[in-house]
Amino acid sequence: MAISKVVMPKLSEQMETGKIIKWLKQEGDRIQSGDILAEVETDKADVEMEAFGSGVLRKILVPAGSTVPVGGLIGVIADPNEDIASVGPGGPEMAPRTPQPATSPATAPATAPATQPVTQPAAPPPATQPVTSPPATARPATLQPVTLQPAAAMAEAPGRVKASPLARKIAAQSGVDLKLVQGSGPGGRVVRRDVEAASSGGALRPTAAAVPAASVPAGVEFEDRPLSQMRAVIAKRMSLSKAPVPHFYVSSEIAMDRAWTLREELNGLEGQPKISVNDFVIRACALALLQHPGVNASFQGEAIRVYHRAHIGIAVALEEGLITPVLRDAHAKSITQIAAEARDLAERARARKLRVPELSGATFSISNLGMFDVTEFSAIINPPEGAILAVGTVRRIPVVTEEGLGVGRRMMLTLSCDHRVMDGAMGARFLQDVKHLLEEPLRLLV
């Protein structure tokens, strides 16, 4: 049997590095192709990494908590008697890359906040990673094979709640206080299902903005928090968008009275998924994109790529950044299908459980801040897409009609366009059709 190298896979178009959350297999375990080896944190989601070879997991070369470039060697699968001495890191580019903290653990003040993020794999942060490793000063400069200890044997710091790394991450995202959760895992350990059960009806921990000032030690003026995978990619990609992409903006005010009434009627039907204003917007954009393929396009350097299917990215706000899962073939889906699938995508995006095909491939994106009572804003294009629609809140305002002065529901839409792909008139005609569809919403049900 040939030796199978386990490398960090490329799980999204923009992925450059991945962080190993935890190994689900240990050295010596029998592996079949398709088995889940580890959980990997990318810039968009926590993804299960599959094995592409069969045999025995002979070596784990990178411990949990380490960040590795795409293609970096992290383990070896082979027959029990196979000689794997020649298999090892291929050079400096294969070594795990982990940001260095501002101060080393040895020099950090004793009064530092318990939640101070530290990404040095030699001393993972207690709040998110219970794996312990030798101190950084004892680690050799070159990557050496590392044997990961079973989770049951990992020591928990005094006074800390015993919980898996994934349970801690989900708890942080949903605001669940782990101290109030009854663990059902080995030795009372809190696992993912415990946090999910608590988030549906358990006590919630205050958000960071609600933490009293007394929790910050006196004299601490600021703290430097290392960028998460997601925030680092957002910082890089948005600077690549706003600077080189020539944006222009087109705005329109939409009369939402009829759409609002139709939505209430549809939501009154039993056995149907609840429909949001955003679902109407998605459906309207998908239909309009088929009529205006020049907006459903991207700049390719020497050509403009025009798409004939509407794959719409739906921006979802997370605590650590923004993620845009993709609703594929939105033009071919009914309003109820869109409502069900969009809600499912958003929920799994917040739990960082999106599947790989849902992480990339959008041809057009929608960003809605209406739930935050934002009246109007301009969104930044997510390259290589050619446009993104920003959606404001539905407001009740005084309006002048043929009957006179009255009260109506109005919503602002702003389309951000790549001027290399389209001109103002093209973007305006697209937005005009979206406006007509939303103001005559029965067309969205056809």
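Residues numbered from 1 in each chain as written. Predicted model: local features only at pLDDT ≥ 70, side-chain atom pairs only at ≥ 80, totals over all residues. Heavy atoms only, no water.

Engineer: How do you make sense of the overall build of the protein chain when you look at a structure like this?
Structural biologist: Counting secondary structure elements, the protein chain contains seven helices and 18 strands. Taking all 446 residues of the protein chain together, the buried fraction comes to 44%. By sequence separation, contacts in the protein chain at least 24 residues apart represent 64% of the contacts at least 6 residues apart. (Helix = DSSP H or I, 4+ residues; strand = E, 2+ residues; numbered from the N terminus. Buried < 20%, exposed > 50% of the residue type's maximum accessible area, 1.4 Å probe, protein only. Contact = heavy atoms within 4.5 Å.)

Engineer: I keep staring at the pattern of salt bridges and nothing clicks. Help me out?
Structural biologist: A side chain with one charge may pair with a side chain of the opposite charge, provided their charged atoms come close. Within the structure shown, the criterion is met by eleven salt bridges. Residue R348 is joined to D344 by a salt bridge in which the shortest nitrogen-to-oxygen separation is 3.0 Å. Pair noted here: R348 and D344 are both in helix α6 (residues 335-350), with a separation of four residues, about one helical turn. What makes D344 partly exposed here is its relative accessible area of 32%. The partner of R348 in a salt bridge is E358, and the shortest N-O contact between them spans 2.9 Å. Of the two residues, R348 sits in helix α6 while E358 sits in the loop between α6 and β16 (364-368), which places them ten residues apart along the sequence. Assessed through its relative accessible area of 14%, R348 is described here as buried. What you see here is one network of salt bridges that share partners, running through D344, R348, R355 and E358. (Salt bridge = Lys/Arg side-chain N within 4 Å of Asp/Glu carboxyl O.)

Engineer: How do you make sense of unusual backbone geometry when you look at a structure like this?
Structural biologist: What is expected of a backbone is that most residues other than glycine have negative phi and most peptide bonds are trans. Of note, the bond from P383 into P384 is cis; its omega dihedral lies within 30 degrees of zero at 10 degrees. Inspection of the secondary structure assignment puts P384 in the loop between β16 and β17 (387-401). Positive phi, normally seen in glycine, also occurs at R352, with a value near 55 degrees. Tracing the chain through its elements places R352 in the loop between α6 and β16. Residue classification places R352 among the buried positions, given a relative accessible area of 1%.

Engineer: Just checking my understanding: could you explain the sheet that holds strand β6 (residues 55-60) for this structure?
Structural biologist: Two pairing modes exist for strands in a sheet, parallel and antiparallel, and in both the strands are linked by backbone hydrogen bonds. The four strands are arranged β1-β8-β6-β3 in an open sheet whose pairing can be described as antiparallel. Lying at the two open borders of the sheet, with one neighbouring strand each, are β1 (4-7) and β3 (30-31). As paired elements, β1 and strand β8 (residues 73-78) share four bridges and run antiparallel to each other. When the sheet's bridge partners are listed, S4 is paired in β8 with I77. (Pairing = 2+ DSSP bridges.)

Engineer: Please explain the sheet that holds strand β2 (residues 17-23) as it appears in this structure.
Structural biologist: Taken in spatial order, the four strands make up an open sheet running β5-β4-β2-β7, and their pairing is antiparallel. Either end of the sheet is taken by a strand with one partner, and the two such strands are β5 (46-50) and β7 (67-69). Sheet twist, expressed as the average angle between the axes of neighbouring strands with direction ignored, equals 40 degrees. (Axes fitted to C-alpha atoms, helices over the stretch in contact; angles between N-to-C directions.)

Engineer: What exactly am I supposed to notice about the confidence of the model for the protein chain here?
Structural biologist: If pLDDT is low for a region, its predicted coordinates should not be looked at in detail. Taken over all residues, the pLDDT of the protein chain has a mean of 79, while the share at 70 or more is 77%. Low pLDDT, under 50, characterises residues 90-158; the predicted model gives this stretch 102 contacts beyond four residues in sequence or across chains. (pLDDT = per-residue confidence, 0-100.)

Engineer: Got a minute to help me understand the packing of helix α5 (residues 277-291) against helix α7 (residues 424-439) in this structure?
Structural biologist: Angle between the axes and distance between the axes are the two parameters that describe a pair of packed helices. For the pair α5 and α7, interaxial distance at closest approach is 9 Å and the crossing angle is 135 degrees. Classified by the interaxial angle, the pair formed by α5 and α7 is oblique. Crossing geometry of α5 relative to α7 is assigned as right-handed. Residues F280, V281, A284, C285, L287, A288, L289 and Q291 of α5 pack against F430, D433, V434, L437 and L438 of α7. Of the residues belonging to the contact of α5 with α7, the class tally is eleven nonpolar, one polar and one charged. (Parallel < 35°, antiparallel > 145°, perpendicular 65-115°, else oblique. Left-handed = near helix turned anticlockwise from the far one by under 90°. Nonpolar A, V, L, I, M, F, W, Y, C, P; charged D, E, K, R; others polar.)

Engineer: Which parts of the structure should I look at to understand the nonpolar core?
Structural biologist: One broad rule of soluble globular proteins: the nonpolar side chains tend to lie buried together. If you look at the biggest cluster of nonpolar residues, it comprises 82 residues, and the most contacted ones within it are F364, L389 and L438. Sort the elements by how many residues they give to this core and α5 lands first, with nine residues. By size, the runner-up hydrophobic cluster in this structure holds eleven residues, among which are A163, A167, V190 and V195. (Core = buried A, V, L, I, M, F, W, Y, C linked by side-chain atoms within 4.5 Å.)

Engineer: Teacher, can you tell me more about the packing of aromatic side chains here?
Structural biologist: The geometry of an aromatic ring pair is captured by the separation of the ring centres together with the interplanar angle, meaning the angle of the planes. This structure, assessed with the given rule, holds one aromatic pair. Taking NZ or CZ as reference, R263 lies 5.1 Å from the ring centre of W260, over its face. (Phe/Tyr/Trp six-rings, centres within 6.5 Å; stacked < 30°, edge-to-face > 60°. Lys NZ or Arg CZ within 6 Å of the ring centre and 35° of its normal.)

Engineer: Teacher, can you tell me more about the pairing of β16 here?
Structural biologist: Sheet faces and side chains relate simply in a regular strand, where the side chains alternate between the two faces. With five of its five residues buried, β16 lies for the most part within the structure. Bridge count for strand β12 (residues 312-314) against β16 is three bridges, and the pairing is parallel. Across the sheet, the residue bridging to I314 is I366, located in β16. As judged from the four bridges shared by β16 and β17, these two strands associate in the parallel manner. Residue pairing across strands places N368 opposite V391, the latter belonging to β17.

Engineer: Is there a simple way to explain α5 in this structure?
Structural biologist: Along an α-helix, residues three or four apart share an orientation, since each turn contains 3.6 residues. Over its 15 residues, α5 extends 22 Å from the first C-alpha to the last, a length consistent with the 21 Å expected when each residue adds 1.5 Å. In terms of burial, α5 is a largely internal element, twelve of the 15 residues being buried. Burial in α5 covers these residues: V277, N278, D279, F280, V281, I282, R283, A284, C285, A286, A288 and L289. (Expected span 1.5 Å × (residues − 1).)

Engineer: How should the pairing of β8 be read in this particular structure?
Structural biologist: Buried residues dominate β8, accounting for six of its six residues. Sheet topology places β6 next to β8; four bridges connect them, and they run antiparallel. When the sheet's bridge partners are listed, V56 is paired in β8 with A78.

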